[in-house]
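Below are the chains, spelled out letter by letter.
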Amino acid sequence: MRDAVIVEAVRTPVGRGKANGTLHPEHPVDLMAHSLWEVLQRSGIDPIQIDDVIGGVVTAVGDQASNMTRRAALAAGYPESVPATTVDRQCGSSQQAIHFAAQGVISGAYDLAIAAGSESMSRIPMGSNMIGTEDPAGVAFAERYPEGLVPQGISAELIAAKWGISRTEMDEFALSSHAKAAAATEEGRFKREVSAIRELDRDEGIRAGSTLETLAGLRPAYYDEAAAARFPQIGWNITAGNASQVNDGSAAVMITTSEKAKELGLTPMARLHSFAVVGDDPLMMLTAVIPATQKVLAKAGLTMNDIDLFEVNEAFASVVLAWAKETGADLSKVNVNGGAIAIGHPLGGSGARIMTTMVHALAEREQRFGLQVMCEAGGLSNATIVERL
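Keep in mind that what you see is a predicted model, and the values were worked out from it rather than measured.

I keep staring at the pairing of strand β7 (residues 270-279) and nothing clicks. Help me out?
For strand β1 (residues 5-11) and β7, the ladder comprises two bridges, and the chain directions are antiparallel. Paired with Ile 6 across the two strands is Ala 270, which belongs to β7.

Structure, rendered in structure tokens:
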């Protein structure tokens, strides 16, 4: 039976997604192309052998519109004969790209594929693809949810209220994320996975030395009078300090079979063991990480105790803390080099970024199983288990 293995995984540093961010001058096509070029250089293979390039992009408008992955592959010097496509499963877009690439390899549709992801949030702001849209829901959807859904920040507040997660717990989690990312940076743990761009060689949003008192002084980021009346249980404790950042960045992962890797002289880093994707309540929106984790473990025939490292996207601290309460996860195994609160969350690039970080961390620690899960807008989640080889 065919398998799917990761033979290379690389990412850019994650830049601040603002006009003064180091990666702001980088065109979105060139931002993705950087990782696509680097993963090819590190492998040393002839790119004519690549069967497909699958890229994740969330805000596909303007410079990121119209199948940007194809332009990025050509910008990276890939032969014109190499196809490319772009997928959107919101924040999990490039994790879904990894699933599609691995499933293609396992099925025999591909022998070698690249899964990538990118987002330039400084140049293409989140939500800009909805500008001018008067009614994104339509009639039947609105009839099913007559009270209407809410933005992700409100969903994060609802999660904090439902699981009884306090402001202090969330702020402490955020401080821990920054401390772990700062330590990983200073100790050189990101060097193997990061490819410098525009002279930026480290993640730009990590804040070492912040305090609980500083975070406690931040104002609620999503307070809304109408939402407060509709959901009186909300404590309004989500702030810019305990939520993910706005960022620019890209990542790319090369996937093939064990047999093909041997033929090409490549050393597999990890086997893509099991996959799952689930839907959940679109009002709570970000809770699907819980059933996704349960589903992928069941598919793998594993338990939480079998997993050595977890990567849970830190869209909001409340999401990870609620997930941990439901799954019983040991937080010392979660986001061991920091997460999106510290490193950043370049939307379409985050799934591939997290996978890159996870496979390198497994290698460094000589551990076996890693589980990655991400919450996604609309009440969705992808989950992936990898096994270090």
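Would you mind showing me how to read the pairing of strand β10 (residues 380-388) here?
For a regular strand, side chains alternate in direction, first toward one face of the sheet and then toward the other. For β10, the buried fraction is high: seven of the nine residues fall into the buried class. For β7 and β10, the ladder comprises nine bridges, and the chain directions are antiparallel. Among the inter-strand pairings, Val 278 is bridged to a residue of β10, identified as Ser 381. Sheet analysis places strand β9 (residues 369-376) next to β10, joined by eight bridges and oriented antiparallel. Note that in β10 the partner of Leu 371 across the bridge is Ile 385.

Looking at this structure, I do not really get helix α5 (residues 152-162). What am I missing?
In an α-helix, one turn spans 3.6 residues, which is why side chains three or four residues apart end up on the same side. Of all the eleven residues making up α5, eight are buried; the element is thus mostly covered by neighbouring parts of the structure. Every buried residue of α5 is accounted for by Gly 153, Ile 154, Ser 155, Ala 156, Glu 157, Leu 158, Ile 159 and Ala 160. With its phi angle positive at about 60 degrees, Gly 164 sits one or two positions after the end of α5.

When you look at the side chain of Ser 318 in this model, what are you seeing that I'm missing?
Inspection of the secondary structure assignment puts Ser 318 in helix α11 (residues 317-327). For Ser 318, a relative accessible area of 0% gives the class buried. A distance of 3.1 Å separates a polar side-chain atom of Ser 318 from the backbone oxygen of Ala 156. In this structure, Ser 318 is in contact with Ala 156, Ile 159, Ala 160, Ile 165, Met 170 and Ile 238, ignoring residues within four places of it in sequence.

Criteria and cut-off values
Residues numbered from 1 in each chain as written. Predicted model: local features only at pLDDT ≥ 70, side-chain atom pairs only at ≥ 80, totals over all residues. Heavy atoms only, no water. Pairing = 2+ DSSP bridges. Helix = DSSP H or I, 4+ residues; strand = E, 2+ residues; numbered from the N terminus. Buried < 20%, exposed > 50% of the residue type's maximum accessible area, 1.4 Å probe, protein only. Polar contact = N/O pair within 3.5 Å; in protein donor to acceptor, adjacent residues only side chain to side chain. Contact = heavy atoms within 4.5 Å.

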